[in-house]
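Topology and contacts: notes
Letter by letter, the chains look like this.
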Amino acid sequence: YPGTGGGADFNEIYGSLSYSYFSFGIAHSSNFLNLDEDGTYYNLGFEYGLPYDITLMAGIGYQDLDSDIGESYTDYLIGVSKTMFDLDFALTWTDTDSDGEDFAGDKDLVDNIFSFSVSKTF
């Protein structure tokens, strides 16, 4: 995330594999949040087609942090998506365990969040 300024100004290497309904990814930074400490994120995702071209999505992730940064934490996601009128619509719920809430410093940023998005891929 170079050039974004603040704590978000760091590099990260990401790779993923997928098979059938499942995906697995790993992202690693040796300078996580520009703190000169390691951070590695593992995530497992699932997508399944439902009737009416709706997609069910679910995922779980684990942020493994050096102890100097804070406690490692787990996050969760479940949602549905649909493409209509060349737009991608999604409704998701995300949450983290208590260590994620402690790491964020503001429980409202990571606790029981419902999101609705509309996006367009070019």
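Note that this is a predicted model, so its numbers are computed, not measured.

Moving on, we get to the overall build of the chain. When helices and strands are counted, the chain shows two helices and seven strands. Across the chain, helices and strands are ordered from the amino to the carboxyl terminus as β-β-β-β-β-β-α-α-β. Looking at the chain as a whole, 24% of its 122 residues qualify as buried. Restricting the contact set of the chain to residue pairs at least 6 apart, pairs at least 24 apart contribute 30%. If you sum the accessible surface of the chain, you get close to 8,300 Å²; carbon and sulfur atoms cover 57% of it.

It is worth spelling out the pairing of strand β2 (residues 22-29) at this point. Where strand β1 (residues 13-19) lies against β2, seven bridges are found, and the strand directions are antiparallel. Among the inter-strand pairings, S18 is bridged to a residue of β2, identified as S23. Across eight bridges, β2 lies against strand β3 (residues 39-50) in antiparallel orientation. Across the sheet, residue I26 finds its bridge partner in β3, namely Y42.

Moving on: the layout of surface pockets. Roughly 180 Å³ of volume is contained in the largest pocket. In this structure, the largest pocket is lined by 15 residues; those nearest its centre are S23, G45, F46, E47 and A58. When residues of the lining of the largest pocket are traced back to their parent elements, those giving at least two are β2, β3 and β4 (54-65). Considering each element in turn, the lining of the largest pocket owes the most residues, five residues, to β3. Residues of the lining of the largest pocket, tallied by class, amount to eight nonpolar, six polar and one charged.

This part is about unusual backbone geometry. With a phi angle near 55 degrees, D36 is a residue other than glycine that sits in the positive phi range. Checked against the element boundaries, D36 lands in the loop between β2 and β3. In the Ramachandran plot, D53 falls in the positive-phi region, its phi being about 55 degrees despite a non-glycine side chain. Structurally, D53 is set in the loop between β3 and β4. Under the relative-accessibility criterion, D53 is labelled exposed at 64%.

The seven strands lie next to each other as β1-β2-β3-β4-β5-β6-β7, forming an open sheet whose pairing is antiparallel. With one partner strand each, in any of the chains shown, β1 and β7 (113-119) form the two edges of the open sheet. Strand after strand, the sheet turns through a mean of 15 degrees between neighbouring axes, direction not considered.

What follows is about the environment of V118. Mapped onto the elements of the fold, V118 is located in strand β7. The contact partners of V118, leaving out residues within four places of it in the chain, are L87, D88 and F89.

Rules behind the numbers
Residues numbered from 1 in each chain as written. Predicted model: local features only at pLDDT ≥ 70, side-chain atom pairs only at ≥ 80, totals over all residues. Heavy atoms only, no water. Helix = DSSP H or I, 4+ residues; strand = E, 2+ residues; numbered from the N terminus. Buried < 20%, exposed > 50% of the residue type's maximum accessible area, 1.4 Å probe, protein only. Contact = heavy atoms within 4.5 Å. Areas by Shrake-Rupley, 256 points an atom, 1.4 Å probe, with all protein chains shown as cover. Pairing = 2+ DSSP bridges. 1 Å grid on protein atoms, 1.4 Å probe; cavity = no way out; pocket = protein on both sides within 12 Å on 5 of 7 lines; lining within 4 Å. Points joined across faces, edges and corners; volume = space filled by probe spheres on them. Nonpolar A, V, L, I, M, F, W, Y, C, P; charged D, E, K, R; others polar. Axes fitted to C-alpha atoms, helices over the stretch in contact; angles between N-to-C directions.

That is the geometry; function is a separate question.
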